[in-house]
Amino acid sequence: MSIVVSVVVPTYRRPHLLKKCIDALLQQKFDKGSYEVIIISDGPDERTRELIGQWAGYDRPLLRLVELPEKKGPAAARNHGWRNAQGQIIAFTDDDCIPHMHWLQHIVANCDPEQDVALTGRVVVPLENDRPTDHELNTTNLQTADFITANCACTKKALEKAGGFDERFGMAWREDSDLHFNLIRNKIEIKKVKGAVVTHPVRAANWGVSIKDQKKTMYDALLYKKHPKLFRKKIRPISPLLYYSIILSFLLLLIGLVTGREQLLVVGIVAWLSFTTLFIYKRLANTDLSAKHVTEMVVTSLVIPFASVYWQWYGAIKYRVLFI
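The following refers to the structure shown. (Residues numbered from 1 in each chain as written. Predicted model: local features only at pLDDT ≥ 70, side-chain atom pairs only at ≥ 80, totals over all residues. Heavy atoms only, no water.)

1. Notes on the overall build of the chain
Phase 1 of the analysis: Regarding its fold elements, the chain presents 13 helices and eight strands.
Phase 2 of the analysis: Overall, the chain is about 80 × 40 × 35 Å in size when its C-alpha atoms are taken along their principal axes.
Phase 3 of the analysis: Per-residue burial over the chain gives 48% buried out of 324 residues.
Phase 4 of the analysis: Of the contacts formed within the chain by residues at least 6 apart in sequence, a portion of 81% connects residues at least 24 apart.
Phase 5 of the analysis: In the form shown here, the chain has an accessible surface area of approximately 16400 Å², with 56% of it arising from carbon and sulfur atoms. (Helix = DSSP H or I, 4+ residues; strand = E, 2+ residues; numbered from the N terminus. Buried < 20%, exposed > 50% of the residue type's maximum accessible area, 1.4 Å probe, protein only. Contact = heavy atoms within 4.5 Å. Areas by Shrake-Rupley, 256 points an atom, 1.4 Å probe, with all protein chains shown as cover.)

In structure tokens form, the structure reads like this:
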């Protein structure tokens, strides 16, 4: 029997997460001879190689591991996967996701491999507490995203027409939005399939992870350069005014301090404290109020506006686009 659908999963040195994903993919309620699972390691990865070896000799769907010679990012990994897939339907999920057992059934039932068509399924982010951490709350945004690689599918014809993933997106950020926008611009139908469900557990995060995450903002500039109207419509309608208010207030404070102009210094301090307090309040309004989390929100909120705007301008310069 020929392969109908190929599942492409990019990964890199996260075998503890990948194992759960593969377990779920190999237990799909779908004919074993009709689908394949392609694991694309974003660079040499001995631990992932050892993990895949655990399924050797089992009666299961075709499971392949491909290791890229060097790390290029998930966009490049996915491109390598779908371009070397046997199926004419390509399903995408991530190594930290757990597809439900009927996931592939719903995808194939709603996807004609002879047509230019794409699908987006439903993502579930389970939370243990009514007041999650800031990191957990941000992860829940995946549940309302229009189109994400945690749970989507495209025919090969649609991917070829849209150009696949732009490999300039070197991190797991906005590469799926870019594909989404390319599908829209090429007038490719995108179906919402609620029955195709993937669970995305919240990964443990290091203290202060929100500061590190600001680096991703540079790819907003690239996405804006390619799709300015769609970016403003679907991603961010206006510039981050609160961040700029915090930064300008802080600059006013510094100017007052350096020049000895007390009135300017006072205005800068009051404005900076007011805008920063508002930012902290917004982050804590619906999140965990434990001492540890509150401390993290206060400290990181002092840094995030500066880090975010730095990386935004870095991206604007790198990709040569006016993006503020």
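2. Some details on the environment of serine 249
Phase 1 of the analysis: Mapped onto the elements of the fold, serine 249 is located in helix 11 (residues 241-259).
Phase 2 of the analysis: Once the C-alpha coordinates of serine 249 and glycine 268 are considered, the two residues, 19 residues apart in sequence, prove to be 5.0 Å apart.
Phase 3 of the analysis: Setting aside residues no more than four positions away along its own chain, serine 249 makes contact with Gly268, Ala271, Trp272 and Phe275.

3. A look at the pairing of strand 6 (residues 117-124)
Each regular strand displays side chains that alternate between the two surfaces of the sheet.
Phase 1 of the analysis: In terms of strand pairing, strand 6 meets strand 8 (residues 189-199) through seven bridges, oriented parallel. Counterpart to threonine 120 in the pairing with strand 8 is lysine 192.
Phase 2 of the analysis: As paired elements, strand 6 and strand 7 (residues 152-155) share three bridges and run antiparallel to each other. The residue of strand 7 that forms the bridge with alanine 118 is cysteine 154. (Pairing = 2+ DSSP bridges.)

4. Re the nonpolar core
Phase 1 of the analysis: Ranked by size, the top nonpolar core spans 33 residues in total, and within it Trp103, Leu104 and Ile107 carry the most contacts.
Phase 2 of the analysis: Those elements that provide at least two residues to this core are strand 1 (5-11), helix 1 (15-26), strand 2 (35-41), helix 2 (46-53), strand 4 (89-92), helix 4 (103-109), strand 6 and strand 8.
Phase 3 of the analysis: Element by element, the count of residues in this core is highest for helix 1, at five residues.
Phase 4 of the analysis: If near-sequence neighbours (up to four positions away) are discounted, leucine 104 is found in contact with Val5, Val7, Gln28, Phe30, Tyr35 and Ala91.
Phase 5 of the analysis: Judged by nonpolar contacts, the second largest core, of 21 residues, contains Ala75, Ile90, Ala118 and Phe147. (Core = buried A, V, L, I, M, F, W, Y, C linked by side-chain atoms within 4.5 Å.)

5. Quick notes on the sheet that holds strand 7
Phase 1 of the analysis: Sheet architecture is open: eight strands sit in the order 3-2-1-4-7-6-8-5, paired in mixed fashion. Either end of the sheet is taken by a strand with one partner, and the two such strands are strand 3 (62-67) and strand 5 (98-99).
Phase 2 of the analysis: Strands in contact with helix 1 are strand 1, strand 2, strand 3 and strand 5; relative to strand 2, the strand with the most contacts, it is inclined by about 165°.
Phase 3 of the analysis: In this fold helix 2 packs onto strand 1, strand 2 and strand 3, with an angle of close to 165° to the strand it touches most, strand 3. (Axes fitted to C-alpha atoms, helices over the stretch in contact; angles between N-to-C directions.)

6. Some points on the environment of serine 210
Phase 1 of the analysis: Inspection of the secondary structure assignment puts serine 210 in helix 8 (residues 209-212).
Phase 2 of the analysis: Note: C-alpha distance between serine 210 and tryptophan 103 (107 residues apart in sequence) is 32 Å.
Phase 3 of the analysis: In this view, serine 210 contacts Asp134, Arg283, Thr300 and Ile304; residues no more than four positions away in its chain are not counted.
Phase 4 of the analysis: Only 3.3 Å separates the side chain of serine 210 from the side chain of arginine 283, close enough to count as a polar contact. (Polar contact = N/O pair within 3.5 Å; in protein donor to acceptor, adjacent residues only side chain to side chain.)

7. Section: the side chain of arginine 78
Phase 1 of the analysis: Assignment of secondary structure puts arginine 78 in helix 3 (residues 74-83).
Phase 2 of the analysis: Here threonine 149 takes part through its side chain, which lies 3.0 Å from a polar atom of the side chain of arginine 78.
Phase 3 of the analysis: Among all residues touching arginine 78, those that are not within four sequence positions of it are Val8, Pro10, Phe92, Asp94, Thr149, Phe165 and Glu175.

8. Notes on helix 12 (residues 262-284)
Phase 1 of the analysis: With 23 residues, helix 12 ought to run about 33 Å at 1.5 Å a step, and its terminal C-alpha atoms sit 33 Å apart, in line with that.
Phase 2 of the analysis: Listed as buried for helix 12 are Gly268, Ala271, Trp272, Thr276, Phe279, Ile280, Arg283 and Leu284. (Expected span 1.5 Å × (residues − 1).)

9. Brief notes about the packing of helix 11 against helix 13 (residues 291-318)
A pair of packed helices is characterised by two quantities: the angle between their axes and the separation of those axes.
Phase 1 of the analysis: Look at helix 11 against helix 13: their axes get within 9 Å of each other, and the N-to-C directions meet at 105°. With respect to their mutual orientation, helix 11 and helix 13 come out roughly perpendicular. Of the residues in helix 13, those in contact with Tyr243, Tyr244, Ile246, Ile247 and Phe250 of helix 11 are Ile304, Pro305, Phe306, Ser308, Val309, Gln312 and Trp313.
Phase 2 of the analysis: Class assignment for the residues of the contact of helix 11 with helix 13 results in ten nonpolar, two polar and no charged. (Parallel < 35°, antiparallel > 145°, perpendicular 65-115°, else oblique. Nonpolar A, V, L, I, M, F, W, Y, C, P; charged D, E, K, R; others polar.)

10. Points about the state of the cysteines
Phase 1 of the analysis: According to the stated counting rule, one finds zero disulfides in the structure shown.
Phase 2 of the analysis: The structure places no disulfide on cysteine 21, whose sulfur is separated from the nearest cysteine sulfur, that of cysteine 97, by 6.8 Å.
Phase 3 of the analysis: A residue is classified by how much of its surface remains accessible, and cysteine 21, at 0% relative accessible area, is buried.
Phase 4 of the analysis: In this structure cysteine 111 is not part of a disulfide, and its nearest cysteine sulfur, from cysteine 154, lies 7.9 Å away. (Disulfide = S-S within 2.5 Å.)

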